[in-house]
Amino acid sequence: MADLDDVKEGKNFAAEIPMEVRASAIRGANALDWGMQDRLSRIFQAGSGHTVMLAFDHGYFQGPATGLERLDLSIRPLIPYTDVLMCTRGGLRATIPTDSRKPVVLRCSGGMSVLTELSNELVAVDIEDAIRVNAAAITTNVYIGAEYEHQSLANLVKLIDTGNRYGIPTMAVTGVGKNMARDARYFGLATRICAEIGAQIVKSYFVDDGFEKVCAGCPVPIVIAGGKKLPEMEALQMAYHAIDQGAAGVDMGRNIFQSDCPIGMIEAVRAVVHGGEKPEKAIEIYSSAKAALH
Ligand code: R5P
């Protein structure tokens, strides 16, 4: 009869201590339900509030992209160094060990290829399958100003509504149509539209001029795509400036897995994103890891 024995006076309710109300450290997350906040907390790290996502979803429209011909060989060794795996369900199931313990941001769009119109996407993963692989977030592209703008926004709405139903956040990726200007005005427009529609994370490209305004105008965390392969120092400078101007992290692919020392590069990126390290110091991490290869 333990339950009845427990009903007595004299318990310590510490009535003199006000109950602490904790605000979420993640931008825009305060009003979200517990499961949604829990998943976002697995993506954005407690100490810095930032994230290093490793993007290797390129195959969903590029096929065997350079550096991703063998996900088992190129990506598996990087798993211990990333905060998040950003990938397709096919790549995940075929090559990522189930004991990796890393949250997955699941690519949930598809339906086009490098040979056709990129903005002509559809939702290509059912929410049940996202739950089945324990996704921490789901993601699709939006193509503001492109031929299939409306359809890509409809895809985003569908992901957000189904994600909200199950407490799974949605990351909107601002894809850029072939003839779009890649400037702060464009990304300010695109990222804000995504956040207003309800995306809990927005991915943008970094721009040299005015990126701080893009971040300031977006009420949810922005992570930057790495874009095409740059010299390592330039990629670290880009990451540094992005964080310094308000980004909450990177979702970087080619600048890591196409590097001649991917582990050294992702460690250097981590130093910038989580430690606020200057690129001139962070490059030393990459350089010494590269030197150790020989
Ligand atoms: C497009 O292929 C995907 O959304 C990538 O995940 C995204 O572009 C980030 O990868 P990268 O840093 O290579 O641009």
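Here's a quick rundown of the structure. (Residues numbered from 1 in each chain as written. Predicted model: local features only at pLDDT ≥ 70, side-chain atom pairs only at ≥ 80, totals over all residues. Heavy atoms only, no water.)

1. A short note on the sheet that holds strand S7 (residues 170–174)
Put simply, the rule is: Two strands make a pair as long as DSSP finds a minimum of two bridges between them. Secondary structure elements follow DSSP: runs of H or I of four or more residues count as helices, runs of E of two or more count as strands, with numbering from the N terminus. Axis geometry follows a simple rule: fit a line to the C-alpha atoms, using only the stretch in contact for helices, then measure angles between N-to-C directions, giving values from 0 to 180 degrees.
Judged by pairing direction, the barrel is parallel, and its eight strands sit side by side in the order S1-S2-S3-S6-S7-S8-S9-S10 before closing back on the first. Geometrically, the sheet is characterised by an average inter-axis angle of 25° between neighbouring strands, direction not taken into account. The pairing of strand S3 (residues 104–107) with strand S6 (residues 137–142) spans three bridges and is parallel. In the strand pairing of S6, Leu 106 is matched with Ile 138.

2. Brief notes about the site of the ligand
This is how the line gets drawn: Being near a molecule or strand, for a residue, means having at least one of its heavy atoms within 4 Å of it. Distance and chemistry together define a polar contact, namely a pair of N or O atoms within 3.5 Å, with one atom able to donate a hydrogen and the other to accept it when in protein, and with adjacent residues in sequence counting only for side-chain atoms on both sides. Computed with a 1.4 Å probe, the accessible areas rest on the Shrake-Rupley method; for each residue, only the protein chains presented here act as cover. For each structure, a 1 Å grid was placed over the protein atoms alone; sets of points admitting a 1.4 Å probe that cannot get out are labelled cavities, open sets with protein on both sides within 12 Å along at least five of seven lines are labelled pockets, and lining residues have an atom within 4 Å of a point. Each molecule is assigned to a cavity or pocket provided more than half of its atoms lie within 2 Å of the corresponding grid points. For this classification, the nonpolar set comprises Ala, Val, Leu, Ile, Met, Phe, Trp, Tyr, Cys and Pro, the charged set comprises Asp, Glu, Lys and Arg, and every other residue, Gly included, is treated as polar.
Taken together, the neighbourhood of the ligand is formed by 13 residues, with Asp 57, His 58, Arg 107, Gly 253 and Arg 254 sitting nearest. Backbone polar atom of Gly 226 to an oxygen atom of the ligand: 2.9 Å apart, as the coordinates give it. One of the backbone N or O atoms of Gly 227 is found 2.9 Å from an oxygen atom in the ligand. In isolation the ligand has 370 Å² of accessible area, and contact with the protein removes 95% of it. Among the cavities detected, the one that contains the ligand is the largest pocket. Residues of the shell around the ligand, tallied by class, amount to four nonpolar, four polar and five charged.

3. With respect to the nonpolar core
Filter applied, for reference: In this description, a nonpolar core means a group of buried Ala, Val, Leu, Ile, Met, Phe, Trp, Tyr and Cys residues linked to one another through side-chain atoms lying within 4.5 Å. Residue exposure (1.4 Å probe, protein chains only): buried if accessible area is under 20% of the type maximum, exposed if over 50%, otherwise partly exposed. Note on contacts: a residue pair is in contact if any heavy atoms of the two residues lie within 4.5 Å.
Counting 72 residues, the largest nonpolar core has Phe 56, Ile 75 and Phe 211 as the members making the most contacts within it. Non-local contacts of Ile 75, meaning those with residues more than four positions away in its chain, are made with Leu 54, Phe 56, Leu 68, Ile 96 and Phe 257. If you look at the next biggest cluster of nonpolar residues, it comprises 18 residues, including Ile 43, Ala 136, Ala 137 and Met 171.

4. Brief notes about the pairing of S6
Under the convention used in this document: If the strands point away from the viewer and the path from the first strand over the helix to the second runs clockwise, then the crossover is right-handed.
Taken across its six residues, S6 has six buried, putting it largely inside the fold. Neither face of S6 is exposed, since Ala 137, Thr 139 and Asn 141 on one face and Ile 138, Thr 140 and Val 142 on the opposite face are all buried. Of the pairings in the sheet, the one linking S6 to S7 comprises five bridges and is parallel in character. From the neighbouring strand, Asn 141 faces S7, where its bridge partner is Val 173. Since S6 and S7 lie parallel, the crossover through helix H7 (residues 149–166) that links them has a hand, and here it is right-handed.

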